[in-house]
Amino acid sequence: MLALTLKQVDSAVDDVWAGISSWRLSHFLAWQDVRQRYRRSTLGPIWMTLSFGVQIFTMGFLSAFLFGSALEKSFPYVCAGMLFWNLITQTINDGATLFVASARYITQIKCPLTVFLLQMVWRNLIVAGHNVAIYVAIALFFLVVPSPSMVLWPLGLLLVVICLSWMALVSAVISARYRDVPQLIANILAILFWLTPLMYFPEQLGQKRFIADYNPFTHMIALVREPLLGGEPSLNDWLVVLAIAVVGWAGTFLFFARFRARIVYWL
Amino acid sequence: MLSIIGKDVHVEFPIYDPRMRSLKYSFGIKHLAKGISRIAARDRNVGGQIGAGEAGRIVVKALDGLSFEISEGDRVGLLGHNGSGKTTLLRTLAGIYEPVSGAIQTNGRVFPLFDLQLGMDQDATGIENIWMRGKMLGLSTNQIKDALDDIADFTELGDYLYMPIRAYSTGMALRLAFAISTAIIPEILVLDEMIGAGDAAFISRADARLKSFLARTGILVIASHSMAILRQWCNKGMLLEQGKLVAFGPLENVVSIYESKVLPKNDAAADLLVLTPPPAP
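Everything quoted here is computed from the prediction, not taken from an experiment. (Residues numbered from 1 in each chain as written. Chains lettered and ligands numbered in written order. Predicted model: local features only at pLDDT ≥ 70, side-chain atom pairs only at ≥ 80, totals over all residues.)

### What to know about the environment of Arg177(A)
Here is step 1 of the chain: Here Arg177(A) lies in helix H8 (residues 153-177).
Here is step 2 of the chain: Measuring from C-alpha to C-alpha, the distance between Arg177(A) and Glu226(A) comes to 38 Å, with 49 residues separating the pair along the chain. (Helix = DSSP H or I, 4+ residues; strand = E, 2+ residues; numbered from the N terminus.)

Encoded structure:
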């Protein structure tokens, strides 16, 4: 069951490498997905931005009233946090349906599976890019100045995306085999929303702060949210996310190598 | 030199029914496997062999120890009744299914053409679809640019190319799909049943294009139930039965084996169906 041959590792390396080197295809397909949402709809993906705006408007007030923080603090905080949280949940949830949704392609042409993963991650980054508009508006309104630690922000985002990719890949492989896993994952993410400091600040947890500290998503969010808000992520955030990225991908790669060739049989 | 070499190729499909795909049932699979293999023991003319694989999984042995060598210039017709493994072999040749054991060694790029309309988007224009489909087929940007004029000429779609293909008739959409798929001559072409396109007025032009497309391909492997099509396009035949390679050689030899060996059995089965008395009122 868990025996892994050198050949399997080899073919998995080939798959990932071929997928990365045909990034143009992933890029093209991702844009095609986004274009599809623009079609025959006047606002297209702007709808998503609008609904994100409404979500932030509601949550910003709610956060201020419920947890007693100032509006000028809660609004940018909630907005920046949710921007990345939506990216995280969308990517992992899309991961769960990734191979099943692309089954028509996977069973008819030989194409590295990595292509579909990159397509999906890139598509979600493009969609998240639309939502940045809301954050810019809020930051301008409340005069939030990003901190100098923004220099390292792209690196932080890259690390977070790397973490997300392996999480999406694992859920894609398991979900291709066990079709009730996507619902399970959606449920876990729904619970994690409450356990991650998005509406409230970690300090507000008081003695129960460990709930946030032991939650890997807290650190992933903090790494990309804090610089935007004028603060900076702690060294701890960096180390935790780096560890998640490295250890996660090492495990995921072996897992992927073991089952990659089987995936097409499961579809 | 193009070639495809198969060495003791085995392909097995695990069978999951909707219940078995869920987590809780994967713990009770062994009982089911026993039941299914009992059913499988009955006489059967179609399909691969059913058995219990490792870990008590139910598997269909779709390809069972195939060894063969296909060289440049070969036009191979795959014969066999339903479920004999033709499509599975084609997909294995294309690298979509990886053999459970054994190996397929291909020298040359394999171009599988199973669904002409794969990757086409109803809401996108004809031009956008040429790009989509071209990219999916692995063509480079330059190859697609070069093919654009050729495709526009051939399809005679004119201004329709700038309309979403939702507005096309079935025949027009097929023309476009056919033109894109035949725009680049592949090294190794793998077909499941013959491709074709369009309405009567278009057929002779499509035929001419198809002829040159198939003639210039380095290696052609096609599965078909039509002896006429196989005789027209192939010089070699490969006969599969329950996932095993029964014969591989000059087409006429293989066709005669197929007709003497496989068809009578099918006819007998058909007779049995006819002879079954209708249920009593």
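Text resumes after the structure shown.
### Considerations on the confidence of the model for chain B
All names here are of chain B.
Here is step 1 of the chain: Within chain B, residue pLDDT values average 81, and 77% of them lie at 70 or more.
Here is step 2 of the chain: Across residues 270-276 the pLDDT falls below 50, and counting only partners more than four positions away or on other chains, this stretch makes zero contacts in the model.
Here is step 3 of the chain: Reported confidences for the modelled complex are a pTM of 0.85 and an ipTM of 0.79. (pLDDT = per-residue confidence, 0-100. Contact = placed C-beta atoms within 7 Å.)

### Describing the sheet that holds strand S7 (residues 188-192) of chain B
Residues and elements named next belong to chain B.
Here is step 1 of the chain: If you trace the six strands from one edge of the open sheet to the other, you get S6-S7-S8-S4-S9-S10, paired in mixed fashion. Only two strands of the sheet have a single neighbouring strand rather than two, namely strand S6 (110-113) and strand S10 (244-250). Sheet twist, expressed as the average angle between the axes of neighbouring strands with direction ignored, equals 15°.
Here is step 2 of the chain: Of the pairings in the sheet, the one linking S7 to strand S8 (residues 219-223) comprises five bridges and is parallel in character. (Pairing = 2+ DSSP bridges. Axes fitted to C-alpha atoms, helices over the stretch in contact; angles between N-to-C directions.)

### So, the interface of chain A and chain B
Here is step 1 of the chain: With 19 residues of chain A at the interface, the matching set in chain B holds 20 residues.
Here is step 2 of the chain: Listed by contribution, the elements that provide at least two residues to the side of chain A that touches chain B are helix H2 (23-38), helix H6 (103-106) and helix H12 (235-266) of chain A.
Here is step 3 of the chain: The dominant element in the side of chain A that touches chain B, judged by the number of residues it contributes, is H2(A), at four residues.
Here is step 4 of the chain: In terms of residue class, the side of chain A that touches chain B is made up of nine nonpolar, four polar and six charged. (Nonpolar A, V, L, I, M, F, W, Y, C, P; charged D, E, K, R; others polar.)

### Regarding the pairing of strand S9 (residues 236-241) of chain B
All names here are of chain B.
Here is step 1 of the chain: Most of S9 sits inside the fold, with six of its six residues counted as buried.
Here is step 2 of the chain: Here strand S4 (residues 75-79) runs beside S9; their pairing, made up of four bridges, is parallel. If you follow Val 76 over to S9, its bridge partner there is Lys 236.
Here is step 3 of the chain: Across six bridges, S9 lies against S10 in antiparallel orientation. Bridge pairing links Lys 236 to Pro 250 in S10.
Here is step 4 of the chain: Connecting the antiparallel pair S9 and S10 is a turn made up of two residues, with Gln 242 showing a positive phi of about 45°. (Buried ≥ 20, exposed ≤ 12 C-beta atoms within 10 Å, placed from the backbone.)

### Concerning the nonpolar core
Across soluble globular proteins, nonpolar side chains show a tendency to be buried alongside one another.
All names here are of chain B.
Here is step 1 of the chain: One finds Leu 78, Leu 93, Leu 176, Val 190, Val 221, Ile 222 and Met 238 to be the most contacted residues of the largest nonpolar core, which totals 64 residues.
Here is step 2 of the chain: Among the elements that make up this core, the one with the highest residue count is helix H5 (residues 170-181) (eight residues).
Here is step 3 of the chain: Among residues more than four places away in sequence, those in contact with Val 190 are Leu 90, Leu 93, Ala 94, Val 110, Phe 111, Pro 112, Leu 113 and Val 221. (Core = buried A, V, L, I, M, F, W, Y, C linked by C-beta atoms within 7 Å.)

### A closer look at unusual backbone geometry
Excluding glycine, a negative phi dihedral is what most residues carry, and trans is how most peptide bonds are arranged.
Residue and element names in this part refer to chain B.
Here is step 1 of the chain: A positive phi angle, close to 55°, is found at Glu 156, a residue other than glycine.
Here is step 2 of the chain: Positive phi values are uncommon outside glycine, yet Gln 242 reaches one of about 45°.
Here is step 3 of the chain: The topology assignment puts Gln 242 in the loop between S9 and S10.
Here is step 4 of the chain: On the basis of neighbour counts, which here come to 20 C-beta atoms within 10 Å, the residue Gln 242 falls in the buried class.

### Some thoughts on the packing of H8(A) against helix H9 (residues 181-195) of chain A
Residue and element names in this part refer to chain A.
Here is step 1 of the chain: Relative orientation of the contacting elements H8 and H9 amounts to 140°, with a least axis distance of 8 Å. Relative to H9, H8 is oriented oblique. Listed contacts from H9 to Ser 171, Ile 174 and Ser 175 of H8 are Val 181, Pro 182 and Ile 185.
Here is step 2 of the chain: Tallied by class, the residues present in the contact of H8 with H9 amount to four nonpolar, two polar and no charged. (Parallel < 35°, antiparallel > 145°, perpendicular 65-115°, else oblique.)

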